[in-house]
Amino acid sequence: MPDAAPVAPLAPARPQTTEHHGRVRVDDYEWLRDKESPEVIAFLEANNAWTEARTEHLAGLRQDIFDEIKARTLETDLSLPVRRRGYWYYGRSFAGREYGASCRVPVADPADWTPPTPATDVAPDQPALPGEEVLLDLDALAEGHDFFSLGGSAVSPTTTLLAWATDVVGDERYTIRVKDLATGGELPDVITGAMGGATWDRGGDAFYYSTVDESWRPDKIWRHTLGTDQAEDELVFHEPDERFWTGLGRSRTDRFLLIESGAKITTEVRYLDLDAAPGTPGAGWQVFAAREEGVEYGLEHAVLGGEDVFLVHHNGNGPDFEIAVAPLAPTPREQWRPLIAHDPAVRLEGVDAFATHLVVHQRSGGLTQLRILDLGGEGDAEAVTDDYLVKFDDELYTIGAGGNPDFHQPTVRLGYTTMRRPSSVYDYDVATRSLTLRKQQPVLGGYDADDYEEHRLWATAPDGERVPISIVVRRDARAAGPVPVHLYAYGSYEHSIDPGMSVARLSVLDRGAAFAIAHVRGGGELGRRWYDDGKLLHKRNTFTDFIAAAEHLVASGWTTPGAIVAEGGSAGGLLMGAVANLAPEGLLGGIVASVPFVDNLTTMLDATLPLTVVEYDEWGNPEADPEVYDYLASYAPYDNVSDRAYPPILAETSLNDTRVLYVEPAKWVARLRAVAGADVLLRTEMAAGHGGVSGRYKGWHDRAFSLAWILDRLGAGPER
């Protein structure tokens, strides 16, 4: 007889009862949290086998999508060089290699800020530019590891040493090593358990790094002197408040080191003036302004009218922030002098200071903006001589400055993209106000942006709020009538999902579907109020905004009921889980939830779990507050699974994820099957972290899997 058809793995119910504020909660699947249990691993592996069997018919489509991504990508390429301390730094990628290399060449003419132009089609063992020095061969470092992540690399101020950090497990605990760039050899210094990379001290004989506590909260800053053991490292700062995390950076002027302690709604900055001699006024670590609940601020060293000052980016005078000026000394908030006053129509997101200008990152009307303030010189009557925006003409776009490490550079490196235009990098000459296109993301195979159209739509939420939607589609597909839609959203932490192009997404668009982003509350697209209206006891707005966006796409004729596949990851996965419970039957044709935060009530009730305490300002503390408990319990995706008709669901997770533990989607899937008999698939990467698999080819295969499932649910998959 033939083998029996495979069936979806069912987890046995093993009830665990807890009580909070007099409310009794029964959890049948908490036993799946035991990562070391062979039974748990067997359940995950059985689900992987079931998912593979259920999607076997998509194998050809997955390969087609992978091949399309590969064919559209210039596999051997070079990033645009960035100038720093006498060198141009850049990254190289090579056909057939997962990770690439980081390189540099000397600056030939200090007066010329034009980045060097590399040779094309250069063999991997040949330099792309004359005098090329390979700093790190990432493929060599990754050899023998199923997972590899570079947590950061930093060249010393002397330009002779390189500190780099790697994670080969996926748990985001990094090991820092140091390379002698003159000899190519490694120093004996090895730092384990670091959170990310290193920041060099000015002299180049020591560096700083951070470590985490048992709850995965970065809480300590250490100083390591080269040639000594890690056990001898100096503890520079410890943040004892469990709601705060900490990190260290360097000012663009190289004069200050800055330690920031931050919670979701409060910050405190310490600074070290490297020009201050020991024992003199201003020497040693100084607290700029003591933490004040609800006040966030950051510091940027600048020179205005010949005077050294701190620019203070803060929300002390309004939720959308202002930029103020303060002396290079501890200064209470009452003495900060506004430079750019608070404006409720403009969310100021940050400021970068240079010798001749300031660059302000801001957003207004749901779009990013880049603002330039020209600075006067010493003795000028006005510190700021002009204030204007760098403008582009597209309806939808994303603009931002980056790769500008030199305080004295005369240009601003900026990136620009739309949903149909490939990412472009420009140099903006501040003196002449001219833009020079330096590099545009290559899209091979005859791509023409004019074959696509993009629009900003507005849905109306149940409370009357207007919710922006960004959408892109092929012109010929739209002309033919309603189209299936891949609808994405996030909606937490004031993180904005701004419009941009994706090469992988073309495999969806060119099969006749549209891609849309619902800019739901909880994100930051429309300023701080947009975030505040989608967090804590307003979190349900995030979910109803998404449903309103989906319904608007139907009502406005863009698509039809059931022809929408929703996708979100991490906190966006919580959104997907809530929408699965709340959306009208038949509205969605499928849901993809990536590393989804779907058991948020359990997580927020356990202060010993990674990141729980630092998340209280985002979700609330249900352990301490019965109102918060009841509110979370009313929408938590896992707790609210019911016997209703769910659309097909693909849940994706990683075994070594330290941000959203694998157990959350595992429990959710088990409950969906047991309570609702839902058609749900669980796919677990057994050697990856929160960001999924590492390596670009592995990443393409991984994305091809998801996109093939999405296309199948949109009706654009293979015939069965």
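Described below are features of the structure shown in this document. Computed from a predicted structure; not experimentally measured. (Residues numbered from 1 in each chain as written. Predicted model: local features only at pLDDT ≥ 70, side-chain atom pairs only at ≥ 80, totals over all residues. Heavy atoms only, no water.)

Digging into the overall build of the chain
A count of helices and strands for the chain gives 13 helices and 39 strands. Each principal axis of the C-alpha atoms in the chain carries an extent, and together these give about 85 × 60 × 55 Å. Looking at the chain as a whole, 56% of its 720 residues are labelled buried. If you take every contact in the chain between residues at least 6 apart in sequence, the share linking residues at least 24 apart comes to 59%. Approximately 28200 Å² of the chain is accessible, and the part contributed by carbon and sulfur atoms is 50%. Computed over 65 positive and 111 negative side-chain charges, the separation of the two mean positions in the chain equals 3 Å. (Helix = DSSP H or I, 4+ residues; strand = E, 2+ residues; numbered from the N terminus. Buried < 20%, exposed > 50% of the residue type's maximum accessible area, 1.4 Å probe, protein only. Contact = heavy atoms within 4.5 Å. Areas by Shrake-Rupley, 256 points an atom, 1.4 Å probe, with all protein chains shown as cover. Lys, Arg positive; Asp, Glu negative; His and termini not counted. Charge placed at Lys NZ, Arg CZ, Asp CG, Glu CD.)

Here we look at the nonpolar core
Grouped together as the largest cluster of nonpolar side chains are 110 residues, with contacts concentrated most on Leu32, Leu414, Leu487, Phe546 and Leu588. Setting aside anything within four residues of it in sequence, one finds Leu414 in contact with Leu370, Val390, Phe392, Ile399, Gly400, Ala401, Ser424, Val425, Tyr426, Tyr428 and Leu435. Judged by nonpolar contacts, the second largest core, of 23 residues, contains Leu650, Tyr697, Ala708 and Trp709. (Core = buried A, V, L, I, M, F, W, Y, C linked by side-chain atoms within 4.5 Å.)

A short note on the sheet that holds strand β33 (residues 466-474)
With mixed pairing, the 8 strands of this open sheet are ordered in space as β32-β33-β35-β34-β36-β37-β38-β39. Looking at the sheet topology across the chains shown, the edges are occupied by β32 (452-460) and β39 (680-685). Direction aside, the axes of adjacent strands within the sheet are offset by 20° on average. By the bridge criterion, 4 bridges tie β33 to strand β35 (residues 514-518) in an arrangement that is antiparallel. In the strand pairing of β35, Val472 is matched with Phe515. (Pairing = 2+ DSSP bridges. Axes fitted to C-alpha atoms, helices over the stretch in contact; angles between N-to-C directions.)

So, the packing of aromatic side chains
Applying the stated criterion across every chain yields a total of 21 aromatic pairs. When the centroid spacing of 5.7 Å and the interplanar angle of 85° are considered together, the rings of Phe288 and Phe310 count as edge-to-face. Pair noted here: Phe288 is in the loop between β19 (285-287) and β20 (297-304) and Phe310 is in strand β21 (residues 307-314), with a separation of 22 residues, a long-range link. Summarising the burial analysis for this pair, Phe288 and Phe310 share the class buried. Ring plane angle 55° and centroid distance 5.2 Å describe the contact between Phe543 and Tyr635, whose orientation is recorded as tilted. With Phe543 in helix α7 (residues 540-555) and Tyr635 in helix α11 (residues 626-635), the pair connects residues that are 92 residues apart, well separated along the chain. The exposure class of Phe543 is buried, given its relative accessible area of 0%. Among the aromatic side chains, those forming a connected cluster through ring pairs are Phe256, Tyr271, Phe288, Tyr297, Phe310 and Trp336. The lysine or arginine in question, Arg83, covers the ring of Trp113, its NZ or CZ lying 3.8 Å from the ring centre. Over the aromatic face of Phe705 sits the side chain of Arg683, whose NZ or CZ is 4.0 Å from the ring centroid. (Phe/Tyr/Trp six-rings, centres within 6.5 Å; stacked < 30°, edge-to-face > 60°. Lys NZ or Arg CZ within 6 Å of the ring centre and 35° of its normal.)

As for unusual backbone geometry
In this structure, Glu172 takes a positive phi of about 60° despite not being glycine. Structurally, Glu172 is set in the loop between β9 (161-167) and β10 (174-180). For Trp216, which is not a glycine, the phi torsion comes out positive at approximately 65°. Here Trp216 shows up in the loop between β13 (206-212) and β14 (218-225).

Considerations on the layout of surface pockets
Of the volumes computed, that of the largest pocket is approximately 360 Å³. Around the largest pocket, the lining is made up of 21 residues, and of these Asp77, Leu78, Pro118, Ala119 and Lys439 lie nearest the centre. In the lining of the largest pocket, the residues fall into 10 nonpolar, 6 polar and 5 charged. Space inside the second largest pocket adds up to approximately 200 Å³. (1 Å grid on protein atoms, 1.4 Å probe; cavity = no way out; pocket = protein on both sides within 12 Å on 5 of 7 lines; lining within 4 Å. Points joined across faces, edges and corners; volume = space filled by probe spheres on them. Nonpolar A, V, L, I, M, F, W, Y, C, P; charged D, E, K, R; others polar.)

Some words on the sheet that holds strand β17 (residues 256-262)
With respect to topology, 4 strands assemble into an open sheet ordered β16-β17-β18-β19, the strand pairing being antiparallel. Lying at the two open borders of the sheet, with one neighbouring strand each, are β16 (245-250) and β19. For this sheet, the mean angle separating the axes of adjacent strands, direction not counted, is 25°. Pairing of β17 with strand β18 (residues 267-273), which is carried by 7 bridges, proceeds in the antiparallel orientation. Paired with Leu257 across the two strands is Leu272, which belongs to β18.

Here's the deal with the side chain of Arg474
Note that Arg474 resides in strand β33. Looking at Arg474, its side chain comes within polar contact range of the side chain of Asp476, at 3.1 Å. Reaching out from Arg474, the side chain makes a polar contact with the side chain of Asp510 at a distance of 3.2 Å. For Arg474, the contacting residues outside a window of four places in its chain are Asp451, Tyr452, Leu509 and Asp510. (Polar contact = N/O pair within 3.5 Å; in protein donor to acceptor, adjacent residues only side chain to side chain.)

Here we look at the environment of Ala95
In this fold, Ala95 is placed in the loop between β5 (87-93) and β6 (101-106). The class for Ala95 is partly exposed, based on a relative accessible area of 46%. Along the backbone, Ala95 and Lys70 are 25 residues apart, and their C-alpha atoms lie at a distance of 9.6 Å. Aside from chain neighbours lying at most four places away, what touches Ala95 is Glu75, Thr76, Arg696 and Tyr697.

Thoughts on empty space enclosed by the protein
Here the structure, examined in full by the defined rule, presents 3 cavities of 30 Å³ or more. In this structure, the second largest cavity occupies an estimated 80 Å³ of space. Surrounding the second largest cavity, Val82, Arg83, Trp88, Trp113, Gly403, Asn404, Pro405, Gln409, Thr411, Val412, Arg413 and Asp427 form its lining. At the level of secondary structure, the elements contributing two or more residues to the lining of the second largest cavity comprise β4 (82-84) and β29 (411-417). Looking at the lining of the second largest cavity, its residues break down into 5 nonpolar, 4 polar and 3 charged.

Structural notes on helix α8 (residues 571-582)
In a regular helix each residue adds 1.5 Å, so 12 residues correspond to 16 Å; α8 covers 17 Å between its end C-alpha atoms and thus fits that length. With 11 of 12 residues buried, α8 is to be regarded as a mostly interior element. Those residues of α8 that sit buried are Ala571, Gly572, Gly573, Leu574, Leu575, Met576, Gly577, Ala578, Val579, Ala580 and Asn581. (Expected span 1.5 Å × (residues − 1).)

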